[in-house]
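Residue-level structure breakdown
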Amino acid sequence: MTIREIQDEIVDEFSMFDDWMQRYEYIIELGKSLPLIDEHYKTEDNIIKGCQSKVWVHAEQQGDKVVFTADSDAILTKGIIAILIRVFSNQKASDILDANTDFIDEIGLKEHLSPTRANGLVSMIKKLKMYALAFKAKSE
């Protein structure tokens, strides 16, 4: 699936819920299915700066795709990074860099987060795109 198709799928899933309590519960459920990062990648280097909770992200290149794993010490944050990993993992670096993240506004996520969590969300996206940029530069 393309990044856009995955984003559309997420927008459809979120549209099934009537209120934000149900959406928060769904985000937490998504966090439980997150492909977990190996413990030895839970280092200071892999922590996303700008998040109020701890979020670790690891990326590696497999063929022409970037594969992400992550974890967080907060259940809601773990769900948020799970959504981003679902969108960006197993995609080409150039596609990750070109992708917009309008789907976050479409599901209303940013407006329903505290300002510090919203900043953390932006930091997560930046970190994933920085990994993609590094892999793209390496392969050129």
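What counts and how
Residues numbered from 1 in each chain as written. Predicted model: local features only at pLDDT ≥ 70, side-chain atom pairs only at ≥ 80, totals over all residues. Heavy atoms only, no water. Helix = DSSP H or I, 4+ residues; strand = E, 2+ residues; numbered from the N terminus. Rg over C-alpha atoms; globule rule 2.2 N^0.38 Å. Contact = heavy atoms within 4.5 Å. Areas by Shrake-Rupley, 256 points an atom, 1.4 Å probe, with all protein chains shown as cover. UniProt positions renumbered as here; feature names shortened; annotations may be inferred. Core = buried A, V, L, I, M, F, W, Y, C linked by side-chain atoms within 4.5 Å. Buried < 20%, exposed > 50% of the residue type's maximum accessible area, 1.4 Å probe, protein only. Salt bridge = Lys/Arg side-chain N within 4 Å of Asp/Glu carboxyl O.

**Description of the overall build of the protein chain**
Helix and strand counts for the protein chain stand at six helices and three strands. Helices and strands appear in the protein chain in the N-to-C order α-α-β-β-α-β-α-α-α. The C-alpha radius of gyration computed for the protein chain amounts to 14 Å, which stays within 12% of the reference 14 Å derived for 140 residues, consistent with globular compactness. Seen through its principal axes, the protein chain has C-alpha atoms that stretch 45 × 30 × 25 Å. A separation threshold of at least 6 residues defines the contact pool for the protein chain, and within that pool the share at least 24 residues apart is 64%. Counting every atom, the protein chain has about 7400 Å² of accessible surface; 51% of that belongs to carbon and sulfur.

**Examining the UniProt feature "domain: Fe-S metabolism associated" (unreviewed entry) in the protein chain**
When the UniProt feature table is mapped onto this chain numbering, "domain: Fe-S metabolism associated" (unreviewed entry) sits at residues 11-130. Overall, residues 11-130 shows 49% helix and 15% strand. The separation of its end C-alpha atoms is 25 Å.

**Here we look at the nonpolar core**
Residues Val-57, Phe-68, Ile-81, Leu-84 and Phe-88 are the most contacted members of the largest nonpolar core, which totals 43 residues. At the level of elements, helix H1 (3-15), helix H2 (20-32), strand E1 (55-62), strand E2 (65-72), helix H3 (75-88), helix H4 (93-98), helix H5 (102-106) and helix H6 (115-139) are the ones that each hand at least two residues to this core. Not counting chain neighbours up to four residues away, the residues in contact with Phe-68 comprise Val-57, His-58, Ala-59, Ile-85, Phe-88, Ser-89, Ile-96, Leu-128 and Tyr-131.

**Focus: the pattern of salt bridges**
Enumeration according to the criterion identifies 10 salt bridges in this entry. The closest approach of N and O atoms between Asp-8 and Arg-4, which form a salt bridge, is 2.9 Å. One end of the pair is Asp-8 and the other is Arg-4, both in helix H1 and four residues apart, which spans about a single turn. The partner of Arg-86 in a salt bridge is Glu-13, with the nearest N and O atoms 2.6 Å apart. One end of the pair, Arg-86, is in helix H3; the other, Glu-13, is in helix H1, with 73 residues separating them in the sequence. The class of Glu-13 is buried, set by a relative accessible area of 15%.

**Examining unusual backbone geometry**
Even without being glycine, Asn-90 reaches a positive phi, approximately 65°. Among the secondary structure elements, Asn-90 is positioned in the loop between H3 and strand E3 (91-92).

**Some thoughts on the environment of Leu-113**
Its place among the elements puts Leu-113 in the loop between H5 and H6. Taking the relative accessible area as the measure of exposure, Leu-113 reaches 11% and is therefore buried.

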